[in-house]
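Structure assessment
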Amino acid sequence: KSGGGGKKKKSEEGRRGGYENVLEDEDEEDDWSEDETEEEFDHICSLERAAYTTLYLLQELHSSSADVSAMTTTPKKRATQSDGDDNDGSNNNNNNIANNGSNNLPSLSDFSSNDNTSLNGVVLEKSRFLAKLAPRIRRLESDTAKCLVSTLEELLVRVRTLMEDDHDANEEGQGGSDNTTVYDNNKQQRKSQHDDLLLMIGHCLRGLALLGKGADAESAFARVAIMPIIRSKLSMGKLDEGGSRGECAGLFFLLDGIANTISTIYGSILRSSESMFTNETGNGSKSSSSRMEVDLVTCGVWVPVATALMADPGIKMAIFSPGIANVLQANYSALDTFLSELASSLLLLQSPQEEVTQDEEEKTSIESGNFSHLYYRPTIQADAIERAQTRLYAHPTTVEFSKRWNLPIYYQLRFAEFCKRLDKAIEGVCREGWTADVFTGDAKDGKKISDTFGYELPFFFELYDILLSMWKPDVYLRPLTHRFLRGAMQVIGRVLAFVKDGADGKIQFGGTEESEGETDLSETSVTIPAYSWNERVEDVAVVAWELTILETCLTHDYLDYVANTVCPNDKESRQSTHNSSLELEEIRSLASEVLVECSQEFSPLVSNSWYTLIVDRLTKQCCIPLTAVKGVAATYRMTNRPPPTQASPFVASILRPLKEFDTTFSSRTPPQIGDEWKQKIIGAVSSKYSIAVEDLIATVKRTEEALKSRKTRKMMAGGMSDGEKVKLQLLLDYRQYKKDVEELGLESDNIEGLVKLNQLTSEAESLLPK
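Now for a description of the structure that goes with this document. As the structure is a computational prediction, the values presented were derived from the model and not from experiment.

With that settled, the discussion passes to the overall build of the chain. The number of helices and strands found in the chain is 30 helices and zero strands. Considering only residue pairs separated by 6 or more positions, the chain has 77% of its internal contacts joining residues 24 or more positions apart. Here the chain has roughly 42,600 Å² of accessible surface; of this, 50% comes from carbon and sulfur atoms.

Before going further, it helps to spend a moment on the side chain of E274. Within the secondary structure, E274 sits in helix α8 (residues 251–276). Among all residues touching E274, those that are not within four sequence positions of it are M292, D295, V297, L347, I380, A384, A388 and R391.

Another point: the packing of helix α16 (residues 407–432) against helix α18 (residues 458–469). Closest axis-to-axis distance for the α16/α18 pair is 10 Å, and the angle between their directions is 175°. Comparing their axes, α18 and α16 come out roughly antiparallel. Two secondary-structure elements touch here, α16 through F418, R421, L422, A425, I426 and V429 and α18 through F459, E462, D465, I466 and S469.

Further remarks concern the nonpolar core. Counting 189 residues, the largest nonpolar core has W434, F459 and Y737 as the members making the most contacts within it. Apart from residues lying up to four places away in sequence, Y737 is in contact with V651, I654, L655, I682, V685, S686, Y689, L754 and L757.

Overall, the coordinates contain 28 salt bridges when judged by the stated rule. Measuring nitrogen to oxygen at the nearest pair gives 2.9 Å for the salt bridge that ties D295 to R391. Taken together, the residues span a long stretch of sequence, with D295 in the loop between α8 and α9 (296–311) and R391 in helix α14 (residues 382–394) at a distance of 96 residues. Summarising the burial analysis for this pair, D295 and R391 share the class buried.

Here the focus is the state of the cysteines. As enumerated under the stated definition, the model contains zero disulfides in all. Unpaired in terms of disulfides, C204 finds its nearest cysteine sulfur in C45, a separation of 9.6 Å. Here C204 falls in the buried class, since its relative accessible area comes to 0%.

Turning our attention to the side chain of R190. Residue placement: R190 occurs in helix α5 (residues 177–210). Under the relative-accessibility criterion, R190 is labelled buried at 14%. Side chain to side chain, R190 and D166 meet in a polar contact 3.0 Å long.

Conventions and cut-offs
- Residues numbered from 1 in each chain as written.
- Predicted model: local features only at pLDDT ≥ 70, side-chain atom pairs only at ≥ 80, totals over all residues.
- Heavy atoms only, no water.
- Helix = DSSP H or I, 4+ residues; strand = E, 2+ residues; numbered from the N terminus.
- Contact = heavy atoms within 4.5 Å.
- Areas by Shrake-Rupley, 256 points an atom, 1.4 Å probe, with all protein chains shown as cover.
- Axes fitted to C-alpha atoms, helices over the stretch in contact; angles between N-to-C directions.
- Parallel < 35°, antiparallel > 145°, perpendicular 65-115°, else oblique.
- Core = buried A, V, L, I, M, F, W, Y, C linked by side-chain atoms within 4.5 Å.
- Buried < 20%, exposed > 50% of the residue type's maximum accessible area, 1.4 Å probe, protein only.
- Salt bridge = Lys/Arg side-chain N within 4 Å of Asp/Glu carboxyl O.
- Disulfide = S-S within 2.5 Å.
- Polar contact = N/O pair within 3.5 Å; in protein donor to acceptor, adjacent residues only side chain to side chain.

Structure, rendered in structure tokens:
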């Protein structure tokens, strides 16, 4: 009864002061939890010590086996004594030692004795002893590794559960001040539990590393921690989320979600492992060449992710072999970005405010008697992330993963698109001439090309837009850099061949075309007659100017565009290039050499266009008025006309085609051409002009001689004969022609034809009125 009354009394006291009793119960639970945690720590620490012991026994076993092998393969030579008495004495000493050995057993670790027989005996005895223990040592190794792996798996599950509870608590939020206090207490408790779990996981990882079972730790981490996340997020539905079936529109967000989830739940474990097992060379520098004892980032995270993507037939087909160039490029870019940023996304802290939060929690922990904040927390620097990223790229799974991409087929699809655009542009130009509107790109891009570089013909808009599109982010793939660069050179070579054939007269524009099949007649009907564009100096000059611009762009703007794509300057983009700074500079230099070499093919075409085509066509046009030189004599022969006072009308039309052409294209003349082309034209025209004048003067002289012999010559007005009038007219024509030449910016003294004209007409200077 008294017991029952006591219970009733306690119940009443509990109802009156229930809150105090609840706090006391919670304190008792915390004490019990702390005791349980200490037992777990002792158990896991004992497992690590067992790993140390097993490692020592294994080393002793291997060392003993090596010593026995050395003794049996290379026996030591015994020293021979020259004195027989000495040999007898040594035998007696050996017998005494053998007799004394029956009472005093030699130590298994004592090798200080100089007697070879005794030493070999100790080694053999030790090897026999360890050989008997070998099965137990192996069993101890196996059991210890199994216990460590099972404990690690259990701890990883508890970490995931703890982080999921913390995530759920954060989503629920707090409704008042009391709830906020409870929430903060629970959060601090979960933080303390997480630190304890992290410390215990570190013991397990070190124990497995001591036993050389790092692969088991990586496998357990991948199986227990990573694969559940991958299975929950990777599916065909999520892969195509946000797009049509087969487009893999959700791949980027799927991979980003996997990386963020792993970093949130297991980021602290990955950082601890990375700092714990980082290799160091003898000079204290970090080494990334040798494999880490436990590499969770590579083998624990990346390998299961890559394996999951390659294992499922449907997902593998959708990602690696979509058959559509745009989809394959987007998939490759998403996975390449994921892989290039994997080390940093896993090892860096999620938020810079986390350090500030830790400082606040440390103060609270000290007040509550919790010193988990004193646990070691690794600091991951940039060099550690770089080493982890290097291991990711060097792993065989990454190599196998890269082989899954059929990148040559992707390039062929893209190059076929470029060639199709170029072929259509060439067909349009052949049908309608150089001014045909064949640009199929974005209007904004076309305006930018025109305003920035000065292109005039739509054909060259299309060409330069094709060259730029090869390096756009939604087309270019870094492993195909050499192919895209070669493709650009092939496109340029195709255009140069087209221009050269046209300049040689092998291609005609306009004309009639036969429609094929059910082609629309409006597309094949041509309103312009057939012609060779090399006969039109305007077309030749415009094309030569466009080639000059293209040559300049290839060695300057286009080179910078390609180099910035292949070798980006910003640090964030350089992380995905997988190259060092020296390698990037070498790539830039190689691209420059290729483009400069390609640009050298432009100069011969431009020079031929100006020095041959334009010079020949303009020379012919300028020489047409020279046929009027013969008519000067007929103007004054027996016409009784007064002496001339101005140049003949045809003189002004001699250089008119050249003047008009020069006015139109003076700002579009290539710098390397200069005024040499004008000198060639004027020199040729002046030479023909001087020949015509010379012939005319000779004719006039023969006429005057004939008339004089017949004594029929009559003096005209002013006392000037017909022949003198002709000579005076030729002098006035020469002076006007010389003036026209000087207006073109050329010096007449350097032109042979003008010098000859001056000599031919100088006789008439005396006939000029004073």
